[in-house]
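# Results of the structural survey
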Amino acid sequence: MALTGTFNKILDGKRRLAIPKRLKEELVEEKSPQIYIAPGTASVLLVYSEKGFEQQAQRLADFSRNGPEAAQYLRLYYARAEKVEVDSQGRVCIPERLAELASLEPKQDVVLIGVQDHAEIWSAERWNTYLNDHGPNFDEVAAQAFGQMPW
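None of the values given here were measured: they were computed from a predicted structure. (Residues numbered from 1 in each chain as written. Predicted model: local features only at pLDDT ≥ 70, side-chain atom pairs only at ≥ 80, totals over all residues. Heavy atoms only, no water.)

This part is about the environment of Ile-121. With respect to the helices and strands, Ile-121 occurs in strand β8 (residues 118-123). For Ile-121, a relative accessible area of 1% gives the class buried. Along the chain, Ile-121 and Pro-39 lie 82 residues apart, while their C-alpha atoms are 9.9 Å from each other. Here Ile-121 is in contact with Leu-17, Val-44, Leu-45, Val-47, Ile-94, Leu-104, Val-110, Val-111 and Leu-112, once residues within four sequence places are set aside. (Helix = DSSP H or I, 4+ residues; strand = E, 2+ residues; numbered from the N terminus. Buried < 20%, exposed > 50% of the residue type's maximum accessible area, 1.4 Å probe, protein only. Contact = heavy atoms within 4.5 Å.)

Structure (structure tokens):
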């Protein structure tokens, strides 16, 4: 099922983030309460289920032969990606180096968004800027990304 929605949250003083129930149901398996947090572009963190991370790894493997830039990206991506535990209250602790990468501070407002096969964690300030910059151009972005829309 495609992950969707926008969820406003606050990091607690220990950099813990409560995963909304709807996202948790799709990302976290009961038998293995772990997810992957990885670096994304635009100072965003990507959140994958274990299965989703493996699927992402398969997609990235296709690019591994695209030269030294691809190799450099893969090193940086996998060196920073981390498997984290989801506690009994549905929270994850964002590792310090990933929090720094996304400019996330304890007790800060953050936004989680569902993006098809993964979720993203944004600082609320950056998400609002992104939305203000790109939201009004939704139709143009869609046309550039997909050409003639089928609907």
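On to the pattern of salt bridges, then. Under the criterion given, the structure shown has five salt bridges. The shortest N-O distance in the salt bridge between Lys-83 and Glu-50 comes to 3.0 Å. Here Lys-83 is found in strand β5 (residues 82-85), whereas its partner Glu-50 is found in helix α2 (residues 50-61), with 33 residues between them in sequence. Between Arg-97 and Glu-82 there is a salt bridge whose closest N-O contact spans 2.7 Å. (Salt bridge = Lys/Arg side-chain N within 4 Å of Asp/Glu carboxyl O.)

Glancing now at the side chain of His-118. Tracing the backbone shows His-118 in strand β8. A relative accessible area of 10% places His-118 in the buried class. A polar side-chain atom of His-118 sits 3.2 Å from a polar atom in the side chain of Glu-120. Non-local contacts of His-118, meaning those with residues more than four positions away in its chain, are made with Leu-3, Leu-46, Val-47, Tyr-48 and Ile-113. (Polar contact = N/O pair within 3.5 Å; in protein donor to acceptor, adjacent residues only side chain to side chain.)

A few words now on the sheet that holds strand β3 (residues 34-39). What the six strands build is an open sheet, ordered β1-β7-β8-β4-β3-β5; its pairing is antiparallel. Strands at the two margins of the open sheet, each flanked by one partner only, are β1 (6-10) and β5. Between one strand axis and the next, the sheet turns through 30° on average, direction left out of account. Against the sheet, helix α3 (residues 68-80) touches β3, β4 (45-48) and β5, its axis set at about 140° to β3. Seen against the sheet, helix α5 (residues 124-134) touches β1, β7 (109-115) and β8 and runs at an angle of roughly 105° to β8. (Pairing = 2+ DSSP bridges. Axes fitted to C-alpha atoms, helices over the stretch in contact; angles between N-to-C directions.)

Read these as spatial facts, not as claims about activity.
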